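# Breakdown of the fold
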Amino acid sequence: MSFSKKRENSSNTSEKKYWKSWNIKWNFFSILSVLVALLENVFISSKENVNNGSYRIFLGCYLIYLVFIYLGGHYFSLKVRLFGGHFAQLNFILGILLCVQDLLTEKFSIFSLPYFVSFAQVLDQINEDKSLLLQSTGASLLLWSLSFAFGTLIGIVLGILIGRYRQFNYWSLPFLKVIGIIPAAAWMPLTMVIFPTSYLAEISLIVLSVWFPVAFMTKGGVENISPTYFEAAHTLGFNEIRIIRKVVIPGALPNIFVGIFTATGLSFTMLVISEMVGARVGLGWYINWAKGTGNYTQVYAAITIMAILFSCIFIVINKLQGTALRWRPTVN
Amino acid sequence: METHSELGGMNLAFLDVKNITRELLNNNNKKLKIIDNINFSVEKGEFLSIIGPSGCGKTTLLRLISGLDRPEEGQVTVAGERIVKPDVSRGYVFQNGGLYPWETIEKNISLGLEAVQGRNFDRNLVKHFIEIMGLQNFENAYPSQVSGGMAQRTALARSLILQPQLLLLDEPMGALDAFTRADVQNIVFKLWRDTKTTMILVTHDIDEAIYLSQKILVMTPHPGRVKEVVKNDLPFPRKRDSTNFLKQRRKLQEILSFE
Ligand SMILES: Nc1ncnc2c1ncn2[C@@H]1O[C@H](COP(=O)(O)OP(=O)(O)OP(=O)(O)O)[C@@H](O)[C@H]1O
Ligand SMILES: [Mg+2]
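Residues numbered from 1 in each chain as written. Chains lettered and ligands numbered in written order. Predicted model: local features only at pLDDT ≥ 70, side-chain atom pairs only at ≥ 80, totals over all residues. Heavy atoms only, no water.

Moving on, we come to helix 3 (residues 123–132) of chain B. Residues and elements named next belong to chain B. Restricting attention to buried positions, one finds in helix 3 the residues L125, V126, F129 and I130. Buried positions in helix 3, seen along its axis, are confined to an arc of 140° and lie on one side of it. In this structure, helix 3 carries N124 and K127 as exposed residues pointing more than 90 degrees from its buried face. Those residues of helix 3 that are buried lie in contact with helix 2 (105–117) and helix 4 (148–160). Between a side-chain oxygen at the N-terminus of helix 3 and the backbone nitrogen of N124 the separation is 3.2 Å; the capping residue is D122. Looking at the residues trailing helix 3, positive phi occurs at G134, about 65°. (Buried < 20%, exposed > 50% of the residue type's maximum accessible area, 1.4 Å probe, protein only. Helix = DSSP H or I, 4+ residues; strand = E, 2+ residues; numbered from the N terminus. Arc of directions from axis to C-beta. Contact = heavy atoms within 4.5 Å. Polar contact = N/O pair within 3.5 Å; in protein donor to acceptor, adjacent residues only side chain to side chain.)

Here is the structure:
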């Protein structure tokens with residue numbers, strides 16, 4: 001193919017992203033530090049009564065992964081080399097941190113139960129509660145997806161209407177500003193009694209936390225679109241619907257994504273809070289339930305799952321943004 | 001043929017610019033004349049260039065002709081109809097191209113056609129324009145990924161594919177280097193010759209104006225006025241180093257230097 005610029009660019013950006021260069025020494029140290037963490041866990045006896053099985057499997061997998069990165073980067077793949085070289089130092093520190101937390105908690109009980117638990121114990125708890133946690137994660141994900149999609153849609157539609165139509169702006173902006181500035185959590189007591197089911201109440205709370213940032217970033221985005229694009233549209237015979245589809249939405253999309261990222265953070269907060277208060281399922285409910293029974297290991301387990309789940313959601317949104325805005329010149 | 005009532009039975013040229021004045025408010029909220037009482041006309045199929053120093057109101061004048069802006073006084077008529085708003089029948093190539101950065105080269109070219117013809121627009125015509133503009137293999141690139149010359153050719157194609165009766169070009173070669181500029185100039189010339197589209201080209205390059213146009217309108221600034229409309233009837237294709245070309249250039253330089 002004669003058009004290779006894109007590929008050129010993308011390899012440039014991955015070289016920029018993974019800027020720490022490959023150094024075999026650090027790959028070796030990273031494997032060593034994880035190995036030490038594993039040996040330490042196996043050979044130093046615990047003061048606490050912990051089932052270390054899951055933790056050892058985890059460390060084993062981590063070790064195998066690091067060896068693969070090392071071999072792959074050394075012998076086979078340039079991409080792995082960039083990636084593995086960049087993160088080798090971080091992996092080294094992670095190995096040490098794992099080792100240290102294990103010593104401080106279950107081995108020497110310097111930070112002790114029930115408020116401080118070893119990572120081994122958290123993993124064991126996750127393993128033990130896996131079906132309940134899976135169910136809770138699914139419930140949280142479903143609730144979040146529904147509400148977030150709905151809130152984003154409302155935000156984008158309102159933002160476009162306010163940004164594009166003066167009359168709409170005049171009549172709605174003052175009210176929306178006042179409503180939007182109220183923290184979503186403040187509505188909680190009201191939503192609980194107004195909505196017929198607690199599920200609807202939870203959805204409405206998350207929607208309330210999402211629509212505002214999205215709407216206002218969208219509005220700003222629409223207002224900042226260069227007038228030339230609208231003028232061109234008129235000389236090209238676009239009608240209003242086409243202008244919205246081909247000029248307004250793509251022109252405001254970079255800003256819409258800024259709004260979506262802000263809203264994502266807020267929506268996670270609102271998801272957990274609303275599940276803690278109203279729900280019978282979900283990770284927020286699980287935490288609240290664990291608090292009630294005084295099992296703080298379960299709290300850590302839920303937090304760990306949340307960290308993974310929310311990171312995955314962020315990654316997905318990031319990927320979506322990359323695809324939707326692939327037309328943007330790559331920033332250096 | 002019926003003409004606009006105000007125009008009575010007057011014999012109008014294809015494009016008629018009559019006594020147009022454009023005023024804007026300056027920073028102190030005082031009225032400022034950007035262009036003042038401009039008159040000229042263009043025949044169907046003619047190529048007119050507008051030259052003048054930066055800031056003399058060339059873009060302002062072109063926007064009034066397209067209908068993007070309305071004059072405070074006077075009027076513009078095309079084929080006897082008074083211009084009140086922009087329309088597909090008057091193509092406009094913006095000073096900076098004005099391509100949609102979020103659409104591919106192909107999409108930028110076809111969007112207008114799709115707007116006019118609907119979903120089943122003439123895809124072969126799009127292909128044809130991609131070919132004559134030399135944009136093959138770049139259909140799926142975004143404007144930020146192609147050269148300035150290609151972007152300008154895309155902008156030309158985007159307007160010309162709608163087969164406008166009048167094409168307005170605002171310094172389409174302004175930001176290009178000398179080689180690319182000559183290349184785009186030749187494309188513009190061929191398109192004009194082959195399609196017989198009436199064209200008005202804004203430029204501040206004297207050679208470009210002499211190379212392409214049949215009439216050259218020279219403007220003076222503050223406020224923008226017509227200094228002179230120079231006939232430019234060297235035979236096509238023109239040679240930039242012929243004696244007549246050089247003579248014509250000297251003449252225009254003289255007109256431009258006398259304030
Ligand atoms: N929106 C505006 N508000 C105030 N002044 C303006 C506006 N648009 C243009 N002007 C002024 O009108 C004058 C003519 O502008 P115009 O863009 O038509 O010039 P031009 O001949 O196209 O210049 P150039 O060759 O640099 O493109 C300039 O002095 C400019 O400062
Ligand atoms: Mg200009």
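Next comes the rest of the description.
Residues and elements named next belong to chain A. For the structure shown, the criterion picks out one cavity of 30 Å³ or more. Of the pockets and cavities examined, the largest cavity occupies roughly 30 Å³. What lines the largest cavity is M188, M192, S198, A201, E202, L205, S274, V277 and G278. At the level of elements, helix 8 (188–194), helix 9 (198–223) and helix 11 (240–278) are the ones that each hand at least two residues to the lining of the largest cavity. The dominant element in the lining of the largest cavity, judged by the number of residues it contributes, is helix 9, at four residues. (1 Å grid on protein atoms, 1.4 Å probe; cavity = no way out; pocket = protein on both sides within 12 Å on 5 of 7 lines; lining within 4 Å. Points joined across faces, edges and corners; volume = space filled by probe spheres on them.)

Contacts between the two partners involve 29 residues from chain B and, on the opposite side, 23 residues from chain A. Taken over both partners, the interface formed by chain B and chain A buries close to 2,400 Å², and the fraction arising from carbon and sulfur atoms is 63%. Considering only the side of chain B, the residues that lose the most area to chain A are Y100, W102 and Q145 of chain B, jointly responsible for 30% of the buried surface there. Counting across the chain B and chain A interface gives two salt bridges. Taking the shortest distance from any N to any O, the salt bridge between E231 of chain A and R63 of chain B comes out at 2.6 Å. The interface formed by chain B and chain A includes seven residue pairs in polar contact (both at pLDDT 80 or more). (Buried area = accessible area lost by both parts, 1.4 Å probe. Salt bridge = Lys/Arg side-chain N within 4 Å of Asp/Glu carboxyl O.)

Turning next to the environment of I260 of chain A. Residues and elements named next belong to chain A. Note that I260 resides in helix 11. On the basis of relative accessibility, which here comes to 9%, the residue I260 falls in the buried class. When the C-alpha atoms of I260 and Q321 are compared, they prove to be 9.9 Å apart, with 61 residues separating the residues in sequence. Non-local contacts of I260, meaning those with residues more than four positions away in its chain, are made with F148, T152, V214 and I317.

Here we take up the coordination of the magnesium ion (ligand 2). Coordination sphere of the magnesium ion (ligand 2), protein contribution only: T59 of chain B (OG1) and Q95 of chain B (OE1), at 1.9 to 2.6 Å. Of this pair, T59 of chain B sits in helix 1 (residues 58–66) while Q95 of chain B sits in the loop between strand 6 (90–93) and helix 2; the two residues are 36 residues apart in sequence, bridging distant segments of the chain. (Donors = N, O, S within 2.8 Å, 3.2 Å for Na, K, Ca; no water.)

Turning our attention to the sheet that holds strand 10 (residues 225–231) of chain B. All names here are of chain B. Strand order in the open sheet formed by six strands is 6-7-8-3-9-10, and the pairing between neighbours is mixed. Looking along the sheet, the strands with just one partner apiece sit at the ends: strand 6 and strand 10. Averaged over all pairs of adjacent strands, the angle between their axes in this sheet comes to 15°, without regard to strand direction. Strand direction decides the pairing type here: strand 9 (residues 215–220) and strand 10, joined by six bridges, are antiparallel. When the bridges of strand 10 are listed, I216 appears paired with V230. (Pairing = 2+ DSSP bridges. Axes fitted to C-alpha atoms, helices over the stretch in contact; angles between N-to-C directions.)

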